[in-house]
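A look at the structure
The chain contents come next:
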Amino acid sequence: MSAETLRMPRPAFGRGHVHAVAGCYFVASFAALGLPPYLTEILPELGDRAARWAGVLYVVPTVFGAITAPLWGRLADRYGRKRLLLRAQLGLAVAFLMAGWADSLATFTLALVLQGILGGTFAASNGYLGAGLEGPSLSKALTLMQGSARAALVVAPIVVGALSGWLSPHRQYALLAVLPLTAALLLAALPEPGPVRREKSEPAVAADQPPPVMSLKALYALEFTFVFSTVISFPYLIALVDDRLPGTSPTLSGLLFALPHLCYLVAALTVHSAFRDRPRAGIALGFVLIALGLAGHGAVDSLPALIAVRLLLGAGLTLGLVCLQVLAAECAKGRAPGGMFGSLEFFSKAGAVAAGLAAAAGSARFGPAAPVLTGAAVAAVIAVATLLPTLTPRWSR
């Protein structure tokens, strides 16, 4: 297959298509992101009175999602990205229905396993967009997708908490299954991007295209360490707030938790415009700000100081996420997007699982400040590695 075939015209993707995919991901993520914080309320209904399995079940969908993401990505490249995106939405609906009607801990656990295996809507959505867009248009679309994820992370737990007065979080799984079903119906009206195929002997990047600014291995390493260094602060943040600021209301604690994600929602597109031509500098600065912000969490003793370090972390989170999307869009040029974004999702979820395990171990041994200090140390190391001029040739190949 010639390089000209690789550059065959693709279906026209407008802003409406991108917004539709991002909106469908947002509504489908409600149960996946909004209900896990309520596992301590759900499990006693299923026989686990002390909710001892809450920590394990929290990461079950992530583990199985990481394992299966590369496979679903390769199947999308082979059989169609739209078809596999619809499969992901319908798979979530089946898993949520099963979880909502589960009457035993074993059945509920199986439903969470199926959620991880059959879901994967984020990777499927990115693979779909990667088949219809490229360059700055793709990186902007990926930035919007991250905005959908952050918005769901902020809004979903609040909505679930508000509904819990009328319907238990356990049964809300069944109710919220209607959301991925609705998303599947909306996505069915979108076009199927034209597949980009190449022979095994053909190079991953066309001969007349410049090489990507970063290798796939380096991108995967950055994705893993970025997710690890940020997610490690999530599980025990409320405990840290209670330790440093006794008497803080649950509402204020929730707002402090959401603050970095709100920063992303406010500033992501502006940051994309500023750093789309210099993502290496942006990701390095992002890691620096994350390291400083997380380290500050371990030293604050007042509400204004805590707000300041949360905003600093939010700035680093925004820079890192946006620049990772720019780098991913660059790496996607000339590659089958399903497989690449499926593998990227594997490293993202692997980083989240490693962060959860490290946070649990560190907090149990050294207290609630241990996770944020661990994340700060990892971010500082990666910032130095990214900034060192001697590493530039290796990271660029």
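Residues numbered from 1 in each chain as written. Predicted model: local features only at pLDDT ≥ 70, side-chain atom pairs only at ≥ 80, totals over all residues. Heavy atoms only, no water.

**Structural notes on the confidence of the model for the chain**
Here is the rule: The predictor rates its confidence in each residue with pLDDT, a number between 0 and 100. Helix and strand assignments come from DSSP, with helices taken as H or I runs of at least 4 residues and strands as E runs of at least 2, each series counted from the N terminus. Residue contacts are defined here by distance: any two heavy atoms, one from each residue, within 4.5 Å place the two residues in contact.
A residue-level look at the chain finds 89% of positions with pLDDT of 70 or above and a mean pLDDT of 85. Confidence scores differ between elements of the chain, with helix H1 (residues 3-6) showing the lowest mean pLDDT of 42 and helix H6 (residues 105-118) the highest of 95. For the stretch residues 195-207, pLDDT sits under 50, and the model shows 27 contacts to residues farther than four places along the chain or on other chains. Taken together, the stretch residues 389-397 has pLDDT below 50 and engages in 15 contacts with residues farther than four places along the chain or on a different chain.

**Looking at the environment of Arg310**
How we decide: Think of a polar contact as two N or O atoms within 3.5 Å of one another; within protein, one of them needs to be a possible hydrogen donor and the other a possible acceptor, and neighboring residues in sequence only count if both atoms come from side chains.
Tracing the sequence through the fold places Arg310 in helix H15 (residues 303-331). Each C-alpha atom, one on Arg310 and one on Ile290, is 9.6 Å from the other, the two residues being 20 residues apart in sequence. Setting aside chain neighbours within four positions, we find Arg310 in contact with Leu237, Leu256, Phe257, Leu259, Pro260 and His297. A distance of 3.1 Å separates a polar atom in the side chain of Arg310 from a polar atom in the side chain of His297.

**Concerning H6**
To be explicit about the condition: Helix span is expected to be 1.5 Å times the residue number reduced by one. Any residue under 20% of the maximum accessible area for its type is buried, any over 50% is exposed, and the rest in between are partly exposed; the area is computed with a 1.4 Å probe on protein chains only.
If you check H6, its first and last C-alpha atoms are 20 Å apart, about what 14 residues at 1.5 Å a residue would give, namely 20 Å. Residues of H6 that are buried: Phe108, Ala111, Leu112, Val113, Gln115 and Gly116. On its buried face, H6 sits against helix H2 (15-34), helix H3 (39-42), helix H4 (54-79), helix H5 (81-101) and helix H9 (169-176). Two residues or fewer past H6, Gly120 is found with a positive phi of approximately 80 degrees.

**Things to note about the packing of aromatic side chains**
Rules: Aromatic pairing here means that ring centres of Phe, Tyr or Trp (its six-membered ring) are within 6.5 Å. Orientation follows from the plane angle: under 30 degrees is stacked, over 60 is edge-to-face, and everything else is tilted. Here, a charge over a ring is recorded when the distance from Lys NZ or Arg CZ to the ring centre is within 6 Å and its angle to the ring normal is within 35 degrees.
Evaluation of the coordinates by the stated rule reveals eight aromatic pairs. With a centroid separation of 4.8 Å and an interplanar angle of 15 degrees, the aromatic rings of Tyr220 and Phe347 are classed as stacked. Remark: Phe347 occurs in helix H16 (residues 337-366) and Tyr220 occurs in helix H11 (residues 216-231); sequence separation between them is 127 residues. The class for Phe347 is partly exposed, based on a relative accessible area of 27%. Put simply, the rings of Phe96, Phe108 and Tyr173 touch in pairs and so form one group of aromatic residues. Across from the ring centre of Trp72, 3.6 Å away, lies the NZ or CZ of Arg87, which sits over that ring. Sitting above the plane of the Phe275 ring, Arg278 keeps its charged end 5.0 Å from the centroid.

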